[in-house]
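Examining the three-dimensional arrangement
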Amino acid sequence: MHLAYPAVLSALLFCTGLYGVLARRNAILVLMSVELMLNAVNLNLVAFDVWLSRTAEETLHSGQALTLFTIAIAAAEIGIGLAIVLAVYRNRGTSDIDKLRDTAEGHEPDGPDSEAPAPRTAGEKAEATA
């Protein structure tokens, strides 16, 4: 098999994952897109390892070993990422990245309903109760 076939497939997978990262708003879909990008890299590593092992006399299979490390790191990343997304969903009620980004930066939502009364000081609270 030619090296071009897995390389083109890997490029298509990586571009699909990149589109998913840039276009999606749901954090779980972004994590899935990152996994797709990592799998494209793994496919490239294995394809080039097989291609180089045919040309070299000594085969080290370093591409396949690196692929195993990448799979282990990706599994840990997904486990931790899903735990974080679930914790944020329980606290905020949404996994929409844009809404989470706005709350993290301290922006108030725009609109007429966002007007909130100013917080009272301790002296004002004592006067209001008296």
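Everything that follows concerns the structure shown earlier in this document.
Residues numbered from 1 in each chain as written. Predicted model: local features only at pLDDT ≥ 70, side-chain atom pairs only at ≥ 80, totals over all residues. Heavy atoms only, no water.

1. Let's talk about the overall build of the chain
Applicable threshold: Here a helix means four or more residues in a row that DSSP labels H or I, a strand means two or more in a row labelled E, and each is numbered from the N terminus. For the exposure calls, accessible area comes from a 1.4 Å probe over protein chains only, and a residue counts as buried if that area is under 20% of its type's maximum, exposed if over 50%, partly exposed in between. Areas reported here follow the Shrake-Rupley algorithm with a probe of radius 1.4 Å; residue values treat only the protein chains shown as occluding.
Across its full length, the chain carries five helices and zero strands. The linear arrangement of helices and strands in the chain, starting from the amino end, is α-α-α-α-α. Counting the 130 residues in the chain, one finds 18% classified as buried. Total accessible area on the chain is roughly 9,800 Å²; 64% of this is exposed by carbon and sulfur atoms.

2. Thoughts on a nonpolar patch on the surface
To keep things clear, this is the line we draw: Like-charged residues within 9 Å of one another, or nonpolar side chains (Val, Leu, Ile, Met, Phe, Trp, Tyr) within 5 Å, are grouped into patches, provided each residue has over 30% relative accessible area and no salt bridge. For this document, the term salt bridge refers to a Lys or Arg side-chain nitrogen within 4 Å of an Asp or Glu carboxyl oxygen.
Together, Phe14, Leu18, Leu22 and Val41 make up an exposed nonpolar region whose accessible area comes to about 340 Å². Of all the elements, helix 1 (residues 4-23) adds the most residues to the nonpolar patch, at three residues. Along the chain, the position of Val41 falls in helix 2 (residues 27-55). By relative accessible area, which is 35% here, Val41 ends up partly exposed.

3. Remarks on the environment of Gly17
To keep things clear, this is the line we draw: By definition in these notes, contact holds between two residues if any of their heavy atoms fall within 4.5 Å.
Residue position: Gly17 is located in helix 1. Setting aside its immediate chain neighbours within four residues, Gly17 contacts Ser33, Leu36 and Met37.

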